[in-house]
Amino acid sequence: MFKEFKKFIARGNVIDLAVGVVIGAAFSGIVKQLTDGVLMPLIGWLFGDIDFSNWFLRLSQVPEGYEGSLDNYEQLKEAGVAMIGYGALITAIINFLIVAFALFLLVRGVNRVTEEMQRKQAEVEDSSKSDDVPTDPQLDVLKKILAELKAERGGADYAPDKGPMG
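Residues numbered from 1 in each chain as written. Predicted model: local features only at pLDDT ≥ 70, side-chain atom pairs only at ≥ 80, totals over all residues. Heavy atoms only, no water.

A. Molecular detail of the overall build of the chain. Across its full length, the chain holds five helices and two strands. Split into buried and exposed, the 166 residues of the chain put 15% on the buried side. Taking the contacts inside the chain whose residues are at least 6 apart along the sequence as the reference set, 34% of them involve residues at least 24 apart. As displayed, the chain has an accessible area near 13000 Å², and 62% of this comes from carbon and sulfur atoms. (Helix = DSSP H or I, 4+ residues; strand = E, 2+ residues; numbered from the N terminus. Buried < 20%, exposed > 50% of the residue type's maximum accessible area, 1.4 Å probe, protein only. Contact = heavy atoms within 4.5 Å. Areas by Shrake-Rupley, 256 points an atom, 1.4 Å probe, with all protein chains shown as cover.)

B. Here's a closer look at helix H4 (residues 86-123). Taking 1.5 Å of rise per residue, the 38 residues of H4 would be expected to cover 56 Å, and the 55 Å separating its terminal C-alpha atoms lies within 8% of that figure. Within the sequence span of H4, burial applies to Gly87, Thr91, Ile94, Asn95, Ile98 and Gln121. (Expected span 1.5 Å × (residues − 1).)

C. Geometry of a nonpolar patch on the surface. Taken together, Leu57, Leu59, Ile84, Tyr86, Leu89, Ile93, Phe96 and Leu97 make up a surface patch of nonpolar side chains, about 800 Å² in accessible area. Broken down by element, the residue count for the nonpolar patch peaks at five residues, all from H4. Along the chain, the position of Leu57 falls in strand E1 (residues 57-58). Assessed through its relative accessible area of 46%, Leu57 is described here as partly exposed. (Patch = residues over 30% accessible without salt bridge, like charges linked within 9 Å, V, L, I, M, F, W, Y side chains within 5 Å. Salt bridge = Lys/Arg side-chain N within 4 Å of Asp/Glu carboxyl O.)

D. Just the pattern of salt bridges, in detail. For the structure on display, the rule yields one salt bridge. Its salt-bridge partner being Glu116, residue Arg119 comes within 2.4 Å of it at the nearest N-O pair. In this pair, Arg119 and Glu116 both sit in helix H4, three residues apart, roughly one turn of the helix. Arg119 gets classed as partly exposed once you look at its relative accessible area, which sits at 37%. Given a relative accessible area of 31%, Glu116 falls into the partly exposed group.

E. A look at the environment of Phe56. Tracing the chain through its elements places Phe56 in the loop between helix H2 (12-46) and E1. For Phe56 and Gly87, which are 31 residues apart along the polypeptide, the C-alpha to C-alpha distance reads 6.3 Å. The residues touching Phe56, leaving out its near neighbours within four places in the chain, are Leu70, Asp71, Asn72, Tyr73, Leu76, Met83, Ile84, Gly85 and Tyr86.

F. Fine view of the packing of aromatic side chains. This model, assessed by the stated rule, comprises three aromatic pairs. Measuring from centroid to centroid gives 6.1 Å for Trp55 and Tyr86, while their planes differ by 50°, and the two rings are tilted. Highlighted residues: Trp55 in the loop between H2 and E1 and Tyr86 in helix H4, separated in sequence by 31 residues. By relative accessible area, which is 29% here, Trp55 ends up partly exposed. (Phe/Tyr/Trp six-rings, centres within 6.5 Å; stacked < 30°, edge-to-face > 60°.)

G. Layout of the confidence of the model for the chain. Overall, the prediction assigns the chain a mean pLDDT of 79, with 83% of residues at 70 or greater. Within the chain, no element has a lower average pLDDT than helix H1 (residues 2-10), which sits at 77, and none a higher one than strand E2 (residues 83-84), at 93. (pLDDT = per-residue confidence, 0-100.)

Here is the structure:
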């Protein structure tokens, strides 16, 4: 069982996923600060000092002896008043949209860099001799095999559907 576990952990996608989860957790703290400290005050200022955290529907009566504000979600919640806090939902949706957009920009940037590297790799015959291209020994070997197959056929393009014997 330990060998199976070791084999499972050694797979690249498990480690990539773990790294992604850790980065995602750290990134969520940044997004929360961006939302709470920058965007929500800006939205509040633009729309007349709106505070989404205090948007709620009260479902039950305020207990007797309650002396806090009737407009403060947190105080009413502590007093045991049943409420639907839809302002928190609005904040969560804004947080989600920010995270989704930031991830979109990140993936878009990574895809552009990856595509550029792949284009450069396709142009270079031996990636180990180029400083601009990451070394891919498997791709270099495949390119050499393809060049040899082309040379055997007198320079004609190799047709993979027909196989090397034609």
